[in-house]
Structure formats: structure tokens, C-alpha cells
Amino acid sequence: MERECLALQTAKTARAIARVYAMTMRPLGVGPTQFHLLGTLTLYPDFGMAALSEMLVIDRSTLVRNLKLLERDGLIESSRPAGSRTKRFAVTDAGHALIATAEPLWQAAHRQLVSALGPDGLDDARGALERLRIAARTVVPAED
């Protein structure tokens, strides 16, 4: 069962890959999840928690914990528009500066992984991962 369990195999793979990016980002004081949150908020500044959770495929408690860390560190700020129950998050100048500093580090880690995959490895991996995501969402659609 261990060899065939997609949950175990993808979790092990995700942790191994995340470790590469975590080591890369460690000097900046952010982890991969926080870095991806910053990037997502930069691209989609109007996203609320439900949209962020859906896009990044992370549970609400993990999202809240990481948003609090980013806000504590002054990398994002939250607001609640008048008449809205939904919080909105904006990347601060410090957050944009961190992204600019982190991007070359992320690129270097990415290049190392792609090189280790070999020719066609990135396309093969992306395709397999996308098929798995689609299959999983077919079996259990995203929560609202």
C-alpha cells in the first residue's frame, strides 16, 4: 500500500520539494507558503480568504496562521471594506521588497530542481501533478 498510496507519495514529494525552497528562503525569514501567499496577493489583491484557500489548495487554519505571520512581519496589511464580512489583504512596500529579494533565490532553487529532473522532466512533472489535482478535485470538489 505504501508504494501505491498517492496521498503518501505526493506528501513525501511535496515535503522534499518544499525543503529545497524553505532552505533557500530561510535567510529572508519566510517559508514557501508565505512566499506563495505574497505572490498570490500581489497578483490578486482583491482575493479574500476563500479564494486564497482555493487557489493555493490550503486549509483555512494554515492560511490564517500564515496570513497572521505575514501581517505581524509587516509584509501584508488587512482591511475589512465597509459593509463586508470578508477581510482583504494587501502586500505592503516591505512585502514587495521581500518578493524582489526572494525572486532570484527562488529562481536559483528552481533551476537546480529542473536541472536534477533532466530533459523534459519539468513538463512531465507538471503534467502529472496537474492530472492528479484534476482527478482529486473530481473525486472531492473544493469546499465553499
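Just above, that's the structure.
Residues numbered from 1 in each chain as written. Predicted model: local features only at pLDDT ≥ 70, side-chain atom pairs only at ≥ 80, totals over all residues. Heavy atoms only, no water.

Right, let's get into unusual backbone geometry. At Val57, a position not held by glycine, the phi torsion is positive, near 55°. Despite not being glycine, Asp120 shows a phi value in the positive range, around 65°. Structurally, Asp120 can be placed in the loop between α5 (93-117) and α6 (121-139). (Helix = DSSP H or I, 4+ residues; strand = E, 2+ residues; numbered from the N terminus.)

Moving on, we get to the nonpolar core. Counting residues in each nonpolar core, the largest one holds 19 residues, and the members touching the most others are Leu38, Leu41, Leu52, Leu63, Leu67, Ile76 and Phe89. Those elements giving two or more residues to this core turn out to be α2 (32-43), α3 (49-56), α4 (60-72), β2 (88-91) and α5. Considering every element that reaches this core, the biggest residue donor is α2, with four residues. (Core = buried A, V, L, I, M, F, W, Y, C linked by side-chain atoms within 4.5 Å. Buried < 20%, exposed > 50% of the residue type's maximum accessible area, 1.4 Å probe, protein only.)

Below, the discussion takes up the layout of surface pockets. For the second largest pocket, the calculated volume is near 220 Å³. Every residue along the wall of the second largest pocket is listed here: Gly48, Met49, Ala50, Arg60, Val64, Leu67, Lys68, Glu71, Arg80, Thr86, Lys87 and Phe89. Elements with a minimum of two residues in the lining of the second largest pocket: α3 and α4. Counting residues per element, the lining of the second largest pocket draws most heavily on α4, at five residues. (1 Å grid on protein atoms, 1.4 Å probe; cavity = no way out; pocket = protein on both sides within 12 Å on 5 of 7 lines; lining within 4 Å. Points joined across faces, edges and corners; volume = space filled by probe spheres on them.)

Let us look at the pairing of β2. In β2, alternate side chains face the same way, and those of Phe89 and Val91 are buried while those of Arg88 and Ala90 on the opposite face are not. For strand β1 (residues 76-79) and β2, the ladder comprises four bridges, and the chain directions are antiparallel. Of the residues in β2, the one forming a bridge with Ser79 is Arg88. (Pairing = 2+ DSSP bridges.)

Turning to the environment of Gly48, a few remarks are in order. Along the chain, Gly48 turns up in the loop between α2 and α3. A C-alpha to C-alpha distance of 28 Å links Gly48 and Leu105, two positions 57 residues apart in sequence. In contact with Gly48, not counting residues within four places along its chain, are Thr86, Lys87 and Arg88. (Contact = heavy atoms within 4.5 Å.)

On to the side chain of Thr24, then. Along the polypeptide, Thr24 turns up in helix α1 (residues 6-25). For Thr24, a relative accessible area of 17% gives the class buried.

What follows deals with the environment of Thr92. Residue position: Thr92 is located in the loop between β2 and α5. As for Thr92 and Leu75, which are separated by 17 residues in sequence, their C-alpha atoms are 5.3 Å apart. In terms of polar contacts, Thr92 uses its side chain to reach the backbone carbonyl oxygen of Gly74, at 2.5 Å. (Polar contact = N/O pair within 3.5 Å; in protein donor to acceptor, adjacent residues only side chain to side chain.)

Note that an α-helix has 3.6 residues per turn; residues three or four places apart therefore point the same way. Taking 1.5 Å of rise per residue, 20 residues should cover 28 Å, and α1 covers 28 Å from first to last C-alpha, within 8% of that figure. Among the residues making up α1, those that are buried are Tyr21, Thr24 and Met25. Lining the buried residues of α1 we find α2 and α5. (Expected span 1.5 Å × (residues − 1).)

Taken as a whole and judged by the stated rule, the model has two aromatic pairs. Residues Tyr21 and Trp106 carry aromatic rings whose centres are separated by 5.8 Å and whose planes lie at 20° to one another, so their mutual orientation is stacked. Of this pair, Tyr21 sits in helix α1 while Trp106 is found in helix α5, placing the two residues 85 residues apart along the sequence. With a relative accessible area of 22%, Trp106 lands in the partly exposed category. Consider the rings of Tyr44 and Phe47, whose centres lie 4.7 Å apart with planes at 15°: the pair is stacked. (Phe/Tyr/Trp six-rings, centres within 6.5 Å; stacked < 30°, edge-to-face > 60°.)

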